[in-house]
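Letter by letter, the chains look like this.
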Amino acid sequence: MPFPTTRLRRMRQSEPLRSMVRETRLTPKNFIYPLFVCPGEGIRKEISSMPGVYNLSVDEAVKEAKESKSFGLGGIILFGLPETKDEIATGAWADDGIVQRATRAIKQEVRDLVVIGDVCLCEYMSHGHCGVVQKKKQTAGAGSLAQQGSGAAAKPAIDPEYEILNDPTLEILAKTAVSLAKAGIDIIAPSDMMDGRVGAIRKGLDQAGLANTPILSYAAKFASGFYGPFREAADSAPQFGDRRSYQMDGANLREAMREIELDIEEGADMIMVKPAMPYLDVIAEARRRFDLPIAAYQVSGEYAMLQAAIRNGWLDRDRVMLESLTSIRRAGAQLILTYFAKDAAKLL
């Protein structure tokens, strides 16, 4: 897309941004550290399925941000656990939302650290889905798909009674992005996988006078079994069904390229593949086709399974940590979101 939707200068505004998108070497600058921010004060609660990862109150998140800067990390990405949830994800876009408060506190105490805001609604929706939910209209006399079939062996439908509405969700996503950017977020990272979300967010940011705010799109986010520990960390498991009607089918490489291309056309400045290690071929193909900076998310399940093997003494911690990150970098990812960020930075 031409100017003003495409602004290549967005990624040149500061040394941390310029350093983040340089195309070679594995250094701490390539790592983005995820933080889970929760209400309260003095809270540092370890997530049982992710040893060494915590739910953090704002004051503790500030401490982690300071430490992340001291290790030379490229940045942090914030996920929020709100006080309350509802069906319009109010906590995601409210001026006093948990991520907005954390961002202001971090920006006040830590200079020159890139702060990324994950834009998704699952943590803030009462039903745990990434978009607006509507009850399906039932045909008279017809039961749900789960009630059809032969006997007890009939397989339940993915979403027998509800559907996730795409277009009404876009407005909420755009509001959330604008709210986060106004709070001081440096980069907006939509992870919902609704069609058209990048364009809606780009329009919302531009109209709010935030044309220089970059977008890092989770362009190829697959419906994966490796997300389980994250859903414990963020309290974001769906209350019914699953997310296969909007996240990608893991078998589809060509469709992933279409998703990425569409997001670039809508104004994405960077793109992401998630998960990382099970989809190295997708990262490599995206690197071959596209010139934008590419990120990959070494997700909670990847981290948890390595930690489990390390704690059982089956794997050498330092070797497999760096080997896994090197594989992602070698495939073509310039940025790696990883829970190993601080530990890997110490080694490097």
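Here, every reference points to the structure presented above.
The structure displayed is predicted, hence computed values, not measured ones.

1. Considerations on the overall build of the chain
If you tally the helices and strands in the chain, you get twelve helices and twelve strands. Counting every position in the chain, which comprises 348 residues, the buried fraction comes to 55%. Here the contacts in the chain between residues at least 6 apart in sequence split such that 75% fall between residues at least 24 apart. Counting every atom, the chain has about 15300 Å² of accessible surface; 49% of that belongs to carbon and sulfur.

2. Quick word on the pattern of salt bridges
Pairs can form between side chains of opposite charge once their charged atoms are near each other. Within this structure, the stated rule accounts for 19 salt bridges. We note a salt bridge from D192 to R197, for which the minimum N-O separation is 3.2 Å. A relative accessible area of 2% places R197 in the buried class. A salt bridge links R202 to D206, with the shortest nitrogen-to-oxygen separation between them at 3.1 Å. Here the residue R202 and the residue D206 both occupy positions in helix 6 (residues 197–207), the gap between them amounting to four residues, near one helical turn. Taking relative accessible area as the criterion, R202 reaches 2% and is therefore assigned buried. What you see here is one network of salt bridges that share partners, running through R44, E60, K63, E64, E67 and K342.

3. Considerations on the packing of aromatic side chains
Taken as a whole and assessed by the stated rule, the structure comprises six aromatic pairs. A ring pair is formed by F36 and Y339, whose centres lie 6.3 Å apart and whose planes are at 10°; its orientation type is stacked. Taken together, the positions of F36 in strand 1 (residues 31–37) and Y339 in the loop between strand 12 (335–338) and helix 12 (341–347) put the pair 303 residues apart, joining distant regions of the chain. Grouping residues by exposure puts F36 and Y339 together as buried. Residues Y297 and Y339 carry aromatic rings whose centres are separated by 6.1 Å and whose planes lie at 45° to one another, so their mutual orientation is tilted.

4. Considering the nonpolar core
Of all hydrophobic cores here, the largest spans 110 residues; its most connected members are I76, L78, I188, L205, I260, I283 and Y297. Sorting elements by how many residues they give to this core places helix 5 (residues 166–183) first, with seven residues. In this structure I76 touches I32, Y33, L35, A65, S68, I106, L113, V114, V115 and I116, once residues within four positions along its chain are discounted.

5. Some remarks on helix 9 (residues 280–289)
Residues that lie three or four places apart on an α-helix share one face, since the helix turns once every 3.6 residues. Taken residue by residue, helix 9 has V282, I283, E285 and A286 as its buried positions. Around the axis of helix 9, the buried residues are gathered within 165° of arc, so they sit on the same side.

6. With respect to the pairing of strand 4 (residues 75–80)
Counted residue by residue, strand 4 has six buried out of six residues, so it is predominantly covered. Where strand 1 lies against strand 4, six bridges are found, and the strand directions are parallel. Residue P34 lies in a different strand from strand 4, and its bridge partner there is I77.

7. Description of the state of the cysteines
On inspection of all chains with the given rule, the structure shows zero disulfides. Between C122, a cysteine without a disulfide, and C120, which holds the nearest cysteine sulfur, the sulfur-to-sulfur distance is 4.0 Å. Of the cysteine sulfurs around C130, a residue in no disulfide, the closest is that of C120, at 3.4 Å. The exposure class assigned to C130 is buried, which follows from its relative accessible area of 1%.

8. As for the packing of helix 5 against helix 6
Between helix 5 and helix 6, the least distance of the axes is 8 Å, while the angle of their chain directions is 45°. With respect to each other, helix 5 and helix 6 are oriented oblique. When you trace helix 5 past helix 6, the crossing you get is right-handed. Every residue of helix 6 that contacts helix 5 at L170, L173, A174, A177, V178 and A181 is listed here: R197, A200, I201, G204 and L205. A breakdown of the residues in the contact of helix 5 with helix 6 according to their chemical character gives nine nonpolar, one polar and one charged.

9. A closer look at the pairing of strand 12
Side chains L335 and L337 project from strand 12 onto one buried face, and the interleaved I336 and T338 project onto a second face that is buried too. The pairing of strand 1 with strand 12 spans two bridges and is classified as parallel. For F31, the partnering residue across the bridge sits in strand 12 and is I336. Sheet topology note: the strand 11 (residues 294–298)/strand 12 ladder contains four bridges and is parallel.

Conventions used here
- Each chain has its residues counted from 1, running along the sequence as written.
- Local features in this predicted model are restricted to residues whose pLDDT is 70 or higher, and side-chain atom pairs enter the listing and the counts only when it is 80 or higher, whereas totals over whole chains, interfaces and linings include all residues.
- Heavy atoms from the whole structure form the basis of all side-chain values; hydrogens and water molecules are not counted.
- In this text, helices come from DSSP runs of H or I with a minimum length of four residues, and strands from runs of E with a minimum of two, each type numbered from the N-terminal end.
- For the exposure calls, accessible area comes from a 1.4 Å probe over protein chains only, and a residue counts as buried if that area is under 20% of its type's maximum, exposed if over 50%, partly exposed in between.
- Between two residues, a contact is recorded if the distance between any of their heavy atoms is within 4.5 Å.
- Note on areas: Shrake-Rupley, 1.4 Å probe, and residue coverage restricted to the protein chains presented here.
- Salt bridges are defined by distance alone: a side-chain nitrogen of Lys or Arg within 4 Å of a carboxyl oxygen of Asp or Glu.
- Only Phe, Tyr and Trp rings take part, Trp by its six-membered ring, and two of them pair if their centres are within 6.5 Å. Stacked means planes under 30 degrees apart, edge-to-face means over 60, and tilted covers everything else.
- Only buried residues count toward a nonpolar core. Its members are Ala, Val, Leu, Ile, Met, Phe, Trp, Tyr and Cys residues joined through side-chain atoms within 4.5 Å.
- Note that the arc is computed from the directions linking the helix axis to the C-beta atoms.
- Strand pairing is assigned whenever DSSP identifies at least 2 bridges connecting the two strands.
- Note that a disulfide, as used here, is simply two cysteine sulfur atoms within 2.5 Å.
- The convention used is that axes are lines fitted to C-alpha atoms, helices contributing only their stretch in contact, and that angles between N-to-C directions extend from 0 to 180 degrees.
- Comment on the angle field: the value is read as roughly parallel under 35 degrees, roughly antiparallel over 145, roughly perpendicular from 65 to 115, and oblique elsewhere.
- In this scheme, a crossing is called left-handed if the near helix is turned counterclockwise away from the far one by less than a right angle; it is called right-handed if the turn is clockwise.
- Any residue that is not Ala, Val, Leu, Ile, Met, Phe, Trp, Tyr, Cys, Pro, Asp, Glu, Lys or Arg is counted as polar, Gly included; the first ten are nonpolar and the last four charged.

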